[in-house]
Structure formats: C-alpha cells, structure tokens
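Descriptive analysis of the structure
Listed here are the chains, written in short residue letters.
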Amino acid sequence: MDCESKENGVCVEEVNGGLDIWSSNKNSSSSPSSPPNHLVVMVNGIMGSSKDWKFGAEQFAKSLHDSVTVHCSERNASRLTLDGIDVMGERLAEEVLEVIQRKPEIQRISFVAHSLGGLVARYAIGRLYRPPSRENTEDGSNKLCDGYSGGTICGLEAMNFVTVASPHLGSRGNYHVPFLFGLTALEKAASCVAHWIFRKSGRHLFLTDAEEGKPPLLRCMVEDNGDLYFISALRAFKRRVAYSNVGYDHIVGWRTSSIRRTSELPKWEDAVSEKYPHIVYEERCKGSDSGKCVTIEDKDSDVLEEAMVTGLSRVSWEKVDVSFHTSRQRFAAHNVIQVKDNYMHSEGADVIQHMIDHFLT
C-alpha cells in the first residue's frame, strides 16, 4: 500500500472522512509487497468521530507492525450517532463492506468499539455474519461447545471483538448512568426524557422503544433475530473482551459495561501489575454450554436486564476492570479509558497497551 502521509511511524490515509492507519516500518522478515491482511475496525461513541480512536489506532499499527490495518470508522459521527443503534449498525456494516472491497487482501477482522459504538458494532456484525457451510459443521460439535460457531464476518475470520465502556445492558438500570446518583426518581425521569436529547438512540439505550408487542432492540440483540445473527456473530469471534470503568465513569456504569449482575461485581484492589497501573481486575467468564439461559436471582435486576445478562453470557467473555481513581483525570474516565484526547496519553495508554498485548493477530 502506498503511504500518502506519515505520522509517528505510521501511514495515515483519509478516505471519505474515515482513517486508514498502518505501520510505516516493515518487519525485515516480511515481504514488502505483502500488505496487512488483518482489518481492525475502530468505532466511536455518541457524538464522536473517527479521530477519537486516532491515538489508539496509531499504537495498534506501531506495535503490531505489518500485521494489521486499522480503520477508524467515519459513517456515524457527531449528530448521526443520535439516529438509533439499528440505523448506525446498518451504516457501519455498509462501511465495513466498502473497506473490504478496497482491500481484497484482508482475511481477518476485529472490532474495537467505545461506548455506544460497542452496541453499534454488535448490530453491524449481526448483519455481516455468514453461517458456516453444511460441510464445515458436520464435525464441528466440539468447536460449538467451546463457544466458536465456525461462521465468518462477511467471509473473514473473526478474531477479536473488544468493547470499551459500552452500555451492553442499556442505560435504564440502577447506576447504569452514574451521574444520576442512583436516585430512582432521576433514573425514571431520564428514561422519559432521553429521547428529547438523544432521539432514537436515547430510546434504544433506555429500553423505551418497545412497539407492537416487540421487545426493545437491546433485548432482541442477545439472540439471533430473523436475518440478524446477533449471538452467532459474537460467538464467531475467537475472543470477546469487555473493558469497564469501575468508577468515575459518569456516563456508563460498571454493571452495564462489564455485563454483570450486582452480585457478580468483584472486589478489586490497586493495579494487578506495574505494566498496567490502571487495570485492577481481570477474569475469564465461560459461556453457558447449552442453549438454555441460566439465571441467578438478584433483587436489583429487572426482567429485561436479567434477559440481557443471561443472553450475552451464553458466549465467553474476558472482563477487564479499569480504575483511574488515582489519576488527575479520573472525572473524565469515560474518555480517558479510550485515550480520546492528547492530554490523556499519560493516563490511559496502559489500557491501550493491554489491548495490544492480548490481541490475537
């Protein structure tokens, strides 16, 4: 690939507002004529843009060298993020198809998404999922039990699906939007007025979009639904990872971003390692083996939330809990965990490095 612009050791190409970023330093063992065959799609959150992931994308490209091309999505920027998760998901799916058409060398695909972008990415992969052919499934029972579906994302091998401070359970539950202070009256009021501010996306997040007897969209997105293979698409990835702020994230609460019930929230201490000073807890959660939903009684979970936790827990997740409680930027934790702005480089960079160090290429 030709390098139109070099910045910080990476090539940066702007395409229709989106950014394609890859390493400008080839490994000596690589053929200079062989471009990266792993596409990493980075998705912004509400009112965001492709530039929100620029720092993270550069770190991925520099650290993984010629293994990946990173595409920072542009299709859902600024006020377009208010159009609803389904509309944004369809646009993201179209954008990914266009990138793949531009880069026929791509064989693998991963997603890294922040905040609302995590839900948009989950919708998009449900649209892009391709079931395995019959001959590939005849001897695939063991793989299915291990949580791997054998399907692909638009014909590509699905590798990593990573969300960062994403409200997987929506924003309606207790403390799911921490700046409401857990006050029932405020949380109910927010559910009633969210659509005035955040339009259709607000209705989706606060689960007020049920119409004609159909459940809310986020409830539908924990299982395959018609021609949208939401859970099969998640299962197709080799890894699913949820990074969550344990505190000081005033936009997205810990439970909803880590896909946990209140009783499942772990006790955490300071950093688990010197290399990642802001990561305070890690666990690997196995998916349930059967198609039946396994539930746990929890007085703080309502029926919809319990259905979403149970549905998403049918696939395995790596859960990484992050705390900026010692940081001067802790009150901006929702953006620091993504390293959205330049002044956050010294605070959230270890979280990006943790993603890179554990990334399957």
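Worth saying up front: this structure is predicted, and the values here are computed from it rather than measured. (Residues numbered from 1 in each chain as written. Predicted model: local features only at pLDDT ≥ 70, side-chain atom pairs only at ≥ 80, totals over all residues. Heavy atoms only, no water.)

Things to note about empty space enclosed by the protein
With the rule as written, the count across this model stands at 1 cavity of 30 Å³ or more. By volume, the largest cavity amounts to about 40 Å³. Along the walls of the largest cavity sit Val-43, Asn-44, Gly-45, Ile-46, Asn-76, Thr-81, Met-88, Leu-116, Gly-117 and Val-120, which together make up its complete lining. Ranked by the residues each element gives to the lining of the largest cavity, the list is headed by helix 3 (residues 116–128), at 3 residues. Here the residues of the lining of the largest cavity sort into 5 nonpolar, 5 polar and no charged. (1 Å grid on protein atoms, 1.4 Å probe; cavity = no way out; pocket = protein on both sides within 12 Å on 5 of 7 lines; lining within 4 Å. Points joined across faces, edges and corners; volume = space filled by probe spheres on them. Helix = DSSP H or I, 4+ residues; strand = E, 2+ residues; numbered from the N terminus. Nonpolar A, V, L, I, M, F, W, Y, C, P; charged D, E, K, R; others polar.)

Side note on the packing of helix 2 (residues 85–102) against helix 3
For the pair helix 2 and helix 3, the least separation of the axes is 8 Å and the interaxial angle reads 60°. In the crossing of helix 2 with helix 3, the sense of the turn from one axis to the other is right-handed. Contacts between helix 2 and helix 3 involve Ile-85, Asp-86, Met-88, Gly-89, Glu-90, Leu-92, Ala-93, Val-96 and Leu-97 from the former and Leu-116, Leu-119, Val-120, Ala-121, Tyr-123, Ala-124, Arg-127 and Leu-128 from the latter. Residue composition of the contact of helix 2 with helix 3, grouped by class: 13 nonpolar, 1 polar and 3 charged. (Axes fitted to C-alpha atoms, helices over the stretch in contact; angles between N-to-C directions. Left-handed = near helix turned anticlockwise from the far one by under 90°. Contact = heavy atoms within 4.5 Å.)

Describing the side chain of Glu-318
Among the secondary structure elements, Glu-318 is positioned in strand 12 (residues 317–322). Using a relative accessible area of 14% as the deciding quantity, one classes Glu-318 as buried. A polar side-chain atom of Glu-318 sits 3.0 Å from a polar atom in the side chain of Arg-239. Those residues in contact with Glu-318, other than ones at most four positions away along the chain, are Arg-239, Arg-240, Val-241, Ala-242, Glu-283 and Arg-284. (Buried < 20%, exposed > 50% of the residue type's maximum accessible area, 1.4 Å probe, protein only. Polar contact = N/O pair within 3.5 Å; in protein donor to acceptor, adjacent residues only side chain to side chain.)

Focus: the nonpolar core
The biggest cluster of nonpolar side chains holds 53 residues, and the ones touching the most others in it are Phe-111 and Ile-153. Here this core gets 8 residues from one element, more than from any other, and that element is helix 3. Those residues in contact with Phe-111, other than ones at most four positions away along the chain, are Val-41, Val-43, Val-96, Ala-121, Ile-125, Ile-153, Asn-160, Phe-161, Val-162 and Phe-237. Counting 36 residues, the second largest nonpolar core, distinct from the first, contains Ile-21, Val-162, Phe-324 and Phe-359. (Core = buried A, V, L, I, M, F, W, Y, C linked by side-chain atoms within 4.5 Å.)

What to know about unusual backbone geometry
Of note, Cys-154 is a non-glycine position whose phi angle comes to about 55°, a positive value. Along the chain, the position of Cys-154 falls in the loop between strand 8 (152–153) and strand 9 (157–164). The phi dihedral of Ile-259 falls on the positive side, at around 55°, and the residue is not glycine. Under the relative-accessibility criterion, Ile-259 is labelled buried at 0%.

Considerations on a nonpolar patch on the surface
Together, Val-193, Trp-196, Ile-197 and Phe-198 line one region of the surface with nonpolar side chains, adding up to about 420 Å² of accessible area. Among the structural elements, Phe-198 can be located in helix 6 (residues 184–205). According to the relative accessible area criterion, Phe-198 is partly exposed, its value standing at 33%. (Patch = residues over 30% accessible without salt bridge, like charges linked within 9 Å, V, L, I, M, F, W, Y side chains within 5 Å. Areas by Shrake-Rupley, 256 points an atom, 1.4 Å probe, with all protein chains shown as cover. Salt bridge = Lys/Arg side-chain N within 4 Å of Asp/Glu carboxyl O.)

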